[in-house]
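Reading the structure
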Amino acid sequence: MARIAFIGLGNMGGPMAANLVKAGHEVIGFDLVAALLKAAEASGVTAASHISQAIGEADVVVSMLPQGRHVLTAWTDILASVPAGRLVIDCSTIDVESARKAHEMARAAGCLSLDAPVSGGTAGAEAGTLTFMVGGSTEAFAKAGPVLEAMGRKIVHCGEAGAGQAAKICNNMILGISMIGVCEAFALGEKLGLSHQALFDVASTSSGQCWSLSTYCPVPGPVPASPANRDYKPGFAAALMLKDLRLSQEAALATGASTPLGAEAAQLYSLFEKQGNGPRDFSAIIEMLR
Ligand code: NAD
């Protein structure tokens, strides 16, 4: 079993660190928020008073932080303390450029590194059923196996440095666009006097089928577990969807990719957030589209 330092014990990091403890690893955690450190202690994580104390003699370091700038700051501190040859994994969703920079920093410090963003949300983090999209060398990927398997169910090696983040933002751009498409179809169906159930029964078994419709239906009724049935309590918050869509647009600008629907989806979610809907589930955008 490994000695693991876990940096960032928020909504995702807290339960992920708890699952590492459950799998038998020794976990030393750090977060800037004292209350989160206390909560992590209750699940068997040893609380460190400083990032360098958490790193100590850790075999593996995992970070789960809000944005690229937080990751680069934390990795500067991590790499100043971690012995050479160790593995550092970032599971945050950040821009590809920052992810590649973090890999370069790790290489300069003589460490192995991976970008390994996740999908599955807080429910997947708690249940240990996250999907990991991983970028980095095959050597680092092989070494990370037992650590990622304790927190997730599906682990995909997407390619070299930054490939995990690239896969994550491409997937979530599909999700943002497809959710808006499904919402527009239900709003049009309502105007045409079509019941939600009738449209669902047809589209979920026809060419309009997609995850936003069949698993996460944005109107109450057809899929009882979807957030539409609990007044759009997340789920996946609209603010996080907007974050991911903005990352996709930064990447499109940097690479010259043409993503007009991704750009439109980012605009619509930006408007939706400005109306005070950031904390609500992203499928609530149907209310604005109506
Ligand atoms: P969160 O804000 O709840 O947690 C982030 C934590 O990082 C906070 O507790 C913060 O105090 C801590 N932090 C920031 N800088 C730090 C530093 N230098 N040292 C130590 N701790 C530091 O966010 P979250 O919901 O856990 O999300 C984390 C990442 O996972 C984000 O990149 C997010 O986009 C991604 N993600 C979230 C979800 C979700 O459903 N919440 C799903 C998939 C991916």
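This part covers the pattern of salt bridges. Overall, the coordinates contain three salt bridges when judged by the stated rule. Between glutamate 190 and arginine 290 there is a salt bridge, with the nearest N and O atoms lying 2.7 Å from each other. Separated by 100 residues along the polypeptide, glutamate 190 in helix H8 (residues 163-191) and arginine 290 in the segment after helix H13 (285-289) bring together distant segments of the chain. Taking the relative accessible area as the measure of exposure, glutamate 190 reaches 29% and is therefore partly exposed. Given the relative accessible area of 45%, arginine 290 is considered partly exposed.

We now examine the site of the ligand. As a matter of local geometry, the ligand sits amid 21 residues, with Asn11, Met12, Asp31, Leu65 and Lys243 nearest to it. Interatomic distance of 2.9 Å between a backbone N/O atom of asparagine 11 and an oxygen atom of the ligand. Measuring from an oxygen atom of the ligand, one finds a backbone N or O atom of proline 66 at 3.0 Å. Considered on its own, the ligand offers 840 Å² of accessible surface; in the complex 85% of this is hidden by protein. Looking at the shell around the ligand residue by residue, the classes come out as 11 nonpolar, seven polar and three charged.

As far as domains go, the chain holds domain 1 (3-161) and domain 2 (166-289). Between the C-alpha centres of domain 1 and domain 2 there is a distance of 29 Å. Residue-level contacts link 11 residues of domain 1 with eight residues of domain 2. Of the roughly 730 Å² buried between domain 1 and domain 2, counting both surfaces, carbon and sulfur atoms make up 68%. Taken as a group, Thr93, Val96 and Met133 account for 51% of the area that domain 1 buries against domain 2, more than any other trio of residues on that side. Counting every contact that joins domain 1 to domain 2 gives zero salt bridges.

What follows covers the packing of H8 against helix H11 (residues 238-255). At their nearest, the axes of H8 and H11 sit 9 Å apart, and the two run at 120° to each other. By crossing handedness, the relation of H8 to H11 is classed as left-handed. Note on element contacts: H11 touches H8 through Met241, Asp244, Leu245, Leu247, Ser248, Gln249 and Ala251, opposite Lys168, Ile169, Asn172, Met173, Leu175 and Gly176. Taken together, the residues of the contact of H8 with H11 break down into seven nonpolar, four polar and two charged.

Rules used throughout
- Residues numbered from 1 in each chain as written.
- Predicted model: local features only at pLDDT ≥ 70, side-chain atom pairs only at ≥ 80, totals over all residues.
- Heavy atoms only, no water.
- Salt bridge = Lys/Arg side-chain N within 4 Å of Asp/Glu carboxyl O.
- Helix = DSSP H or I, 4+ residues; strand = E, 2+ residues; numbered from the N terminus.
- Buried < 20%, exposed > 50% of the residue type's maximum accessible area, 1.4 Å probe, protein only.
- Near = heavy atom within 4 Å.
- Polar contact = N/O pair within 3.5 Å; in protein donor to acceptor, adjacent residues only side chain to side chain.
- Areas by Shrake-Rupley, 256 points an atom, 1.4 Å probe, with all protein chains shown as cover.
- Nonpolar A, V, L, I, M, F, W, Y, C, P; charged D, E, K, R; others polar.
- Domains from an automatic or database assignment.
- Contact = heavy atoms within 4.5 Å.
- Buried area = accessible area lost by both parts, 1.4 Å probe.
- Axes fitted to C-alpha atoms, helices over the stretch in contact; angles between N-to-C directions.
- Left-handed = near helix turned anticlockwise from the far one by under 90°.

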